[in-house]
Structure formats: structure tokens, C-alpha cells
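For reference, the chains in residue letters:
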Amino acid sequence: MDRPRPTVVRTLADARAAREALDGRVALVMTMGALHDGHLSLVREARARAEHVVVSIYVNPLQFGPGEDLEAYPRDLDADLDLLAGDSADAGADAAVTFVLAPDDAEMYPREPLVRIDPGPVAEVLEGATRPGHFAGVLQVVAKVLAALRPDVAVFGQKDAQQLALVRTLVEDLGLGVEIVGAPIRRDPDGLAMSSRNAYLSAVERERATSLFAALEAARTAADDGVPADHVLAAARASIADAPGVEEDYVVLVDPATFLDVAADHRGEALLALAARVGPTRLIDNMTVTIDPRKVTT
Ligand code: AMP
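Overview of the structure. (Residues numbered from 1 in each chain as written. Predicted model: local features only at pLDDT ≥ 70, side-chain atom pairs only at ≥ 80, totals over all residues. Heavy atoms only, no water.)

### Observations concerning the pattern of salt bridges
Line of reasoning, step 1. Summed over all chains, the structure comprises 15 salt bridges.
Line of reasoning, step 2. For the salt bridge of Glu-179 with Arg-25, the shortest nitrogen-to-oxygen distance reads 3.7 Å. Here Glu-179 is found in strand β6 (residues 179-183), whereas its partner Arg-25 is found in the loop between α1 (12-20) and β2 (26-31), with 154 residues between them in sequence.
Line of reasoning, step 3. Its relative accessible area of 35% is what places Arg-25 among the partly exposed residues.
Line of reasoning, step 4. Here Asp-190 makes a salt bridge to Arg-206, at a shortest N to O gap of 3.0 Å. On the criterion of sequence distance, the pair formed by Asp-190 in the loop between β6 and α8 (203-208) and Arg-206 in helix α8 is long-range, its members being 16 residues apart.
Line of reasoning, step 5. The class of Arg-206 is partly exposed, set by a relative accessible area of 22%. (Salt bridge = Lys/Arg side-chain N within 4 Å of Asp/Glu carboxyl O. Helix = DSSP H or I, 4+ residues; strand = E, 2+ residues; numbered from the N terminus. Buried < 20%, exposed > 50% of the residue type's maximum accessible area, 1.4 Å probe, protein only.)

### Points about the site of the ligand
Line of reasoning, step 1. Near the ligand, the surroundings consist of 17 residues, among which His-39, Gly-157, Asp-160, Arg-186 and Met-194 are the closest.
Line of reasoning, step 2. A distance of 2.8 Å separates a nitrogen atom of the ligand from a polar backbone atom of Arg-186.
Line of reasoning, step 3. Protein contact buries 93% of the 490 Å² of open area that the ligand shows by itself.
Line of reasoning, step 4. Tallying contributions element by element places helix α2 (residues 37-47) first for the shell around the ligand, with three residues.
Line of reasoning, step 5. Residue classes in the shell around the ligand are distributed as eight nonpolar, six polar and three charged. (Near = heavy atom within 4 Å. Polar contact = N/O pair within 3.5 Å; in protein donor to acceptor, adjacent residues only side chain to side chain. Areas by Shrake-Rupley, 256 points an atom, 1.4 Å probe, with all protein chains shown as cover. Nonpolar A, V, L, I, M, F, W, Y, C, P; charged D, E, K, R; others polar.)

### Thoughts on the sheet that holds β2
Line of reasoning, step 1. On the basis of which strands lie adjacent, the open sheet formed by six strands has the order β1-β4-β3-β2-β5-β6 and parallel pairing. At either margin of the open sheet sits one strand with a lone partner, and together these are β1 (7-9) and β6. Across the sheet, the mean angle separating the axes of adjacent strands is 25° when strand polarity is ignored.
Line of reasoning, step 2. Relative to strand β5 (residues 153-157), β2 runs parallel, the two sharing three bridges. (Pairing = 2+ DSSP bridges. Axes fitted to C-alpha atoms, helices over the stretch in contact; angles between N-to-C directions.)

### Details of the sheet that holds strand β8 (residues 268-278)
Line of reasoning, step 1. Taken in spatial order, the three strands make up an open sheet running β7-β8-β9, and their pairing is antiparallel. Whereas interior strands pair on both sides, the edge strands pair on one side only; in this sheet they are β7 (246-254) and β9 (281-291). Taken over all neighbouring pairs, the strand axes of this sheet differ in orientation by 15° on average, direction set aside.
Line of reasoning, step 2. Both β7 and β8 contribute to a ladder of eight bridges, which runs antiparallel.

### Structural notes on the pairing of β8
Line of reasoning, step 1. In terms of residue burial, β8 counts as a mostly covered element, since eight of its eleven residues are buried.
Line of reasoning, step 2. Counting the residues that bridge the hairpin from β8 to β9 gives two residues, and of these Gly-279 lies at a positive phi of roughly 60°.

### Some details on the environment of Phe-259
Line of reasoning, step 1. By the element assignment, Phe-259 lies in the loop between β7 and β8.
Line of reasoning, step 2. As a C-alpha pair, Phe-259 and Phe-213 span 46 residues in sequence and 20 Å in three-dimensional space.
Line of reasoning, step 3. Apart from the residues within four sequence positions on either side, Phe-259 is in contact with Val-122, Val-125, Leu-126, Ala-161, Gln-162, Ala-165, Val-254 and Leu-271. (Contact = heavy atoms within 4.5 Å.)

### A closer look at the packing of aromatic side chains
Line of reasoning, step 1. Per the counting criterion, the structure on display carries two aromatic pairs.
Line of reasoning, step 2. Ring centres 6.3 Å apart and planes at 50° place the aromatic pair Tyr-58 and Tyr-109 in the tilted group. Note that Tyr-58 is positioned in the loop between β3 (52-57) and α3 (77-86) and Tyr-109 in the loop between α4 (105-108) and α5 (127-130), a separation of 51 residues in sequence.
Line of reasoning, step 3. Given the relative accessible area of 9%, Tyr-58 is considered buried.
Line of reasoning, step 4. Ring centres of Phe-64 and Tyr-73 lie 5.9 Å apart, and the angle between their planes is 75°; on these two criteria the pair is classed as edge-to-face. (Phe/Tyr/Trp six-rings, centres within 6.5 Å; stacked < 30°, edge-to-face > 60°.)

Below you can see the structure in the form of C-alpha cells.
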């Protein structure tokens, strides 16, 4: 049984008032819409931690660079509301989402913001290197929505590992007093990480896109076999290099706090992160691998 569609709030002032009227803990899930099961898994994670869940849906222009897909980015609020209403993980219980905040650009940025957030060194590498200004734009909107809603908890996906790390730092450095929860990556049955951008893929590209997960699996298998860190990375790189129609942007094995490369003889956990183009579509994925010192023989 579907629930009714959640109420849509269009302004930050209304969102603040609606939040203040709520009893109990409030959890926030921030999205750019084009919702899929990955987003819904965040909503469920949020529901497990609070009486109320607020979902924000806003395609934030500040986090798109020149030549990126701001105009093409899929927008369908009606479909998003239907998905939130139809999420039947526990149909019949209270509405999963108390309200949706869906502001427009004039509401979020009535003028160019003059005060900007400098996201620091983690924003300079990987996604930040390919997409200059991206994380400054992300943290600007995250700070603004957190300030309006003052949630107790906010759930972000590990799919965007660098973003999750930067949001944690934002909250810590500005003392925002909200608990940040990281949620695991939701995948299609063939391993492809769910993403709103998967909608851009043709049938052939969709098939080719499975090689991103295959590369992560190659790295994990190598790690399980007890090869050293540089070989684990090489396994992922080789896998992407062999994949037809997939062009590597980066494939790295990094420290999950700094996002800097780990040493060739690193032991312990590390994050295998990659970005690749499949046709014109740029996709990202990641996986934690463990270089077990008891297994590594060379
Ligand atoms: P987006 O709408 O792409 O900005 O994503 C909104 C939130 O959903 C972010 O915290 C993402 O990390 C998270 N997310 C997107 N895709 C997935 C996925 N496949 N699994 C888990 N979380 C995801």
C-alpha cells in the first residue's frame, strides 16, 4: 500500500517553521532528485535513527562546473514524490518522509553568495581535481540546508566518499552539532552502483559500465589473495584498461581520511576509488579493501 505523497515545502523559512513544529529527532537526506533505490536506502537509514525524515531535492548549480551537465541533469519532482510515497519497505506505517524541501534557485541563491566555504585540501584531489570548485559548491549548499533545518542526523552515501568525508569535516570545523551517518553503496544486481547519471547510459554503455564494479572486485580479489597494495591497485587499473568503451579518469588506492595515495607497501584498510567515462557519461565508484599484513607474502 502506497503512502500519500510527502508535503513539499518550497522555501527555507517554511522548512525551518515546519521543522520547529516537529516533535522528536529529525534526520535529513540531501539529494539532487532523480531518486532511485540508493536514495531510498538513505531514507531508510535515516528513519532508523529519527522520528522524522526530511528529504531535500535541489540540483545545486554551485557544484557544477562549466561544461558539466547542469542543464541536462534529470529533474522530475512528481516521479520523485511518487517514489517516496511508494517505498513499501514498511508500508502502512507513518509516512516515511515528513516533508520534502524542494527550493528553486531564486530561493537558495537570491544573489551570488559572497561568503564562501573553503573546503580545504581533501577537495583538491580526485573529484576536486577533475571538477574544480565542486566541493566548495557542495559544502555551501549543505551548510545552508543544515542551518535551515537543524537536523539531529544527516545521512550521506559512501558512493560519494570524498563528499561524505568533507561533510564530516565541515560539521566538525564549524561545530554544527549534527551527527553525520555514512550509508553503504546500493548497487544494481550486476554490481553497477545506482546513480541518477545512469539514466544517461545507452543499452550498450549500461553493459560496459559494469566494468567499474568489475575493477573494484578485481582489486578486492587481489587483496584477498594477499598481494601487496601496489599490485591491488594494478589489478583494478588493468581491469579498467581492458574494458572496451571505458576511459579511465582515475583509479587510485587512497587513505580514506586524506584521499592521498597509500604507499606501495601499505597495510590495513584503504579506499579503491575510481572515475571513468562510459561514452560521454562520467561515473564514480569505490570500495574499501583491506591489505591484510598476515596474508601479504611479498
Ligand atoms: P545525489 O542525488 O546524487 O546528490 O545523491 C544524494 C545522496 O545519495 C548522496 O549522499 C549520495 O552519496 C547518495 N547516493 C547516491 N547514489 C547512491 C547509491 N548508489 N548508494 C547509496 N547512496 C547513494
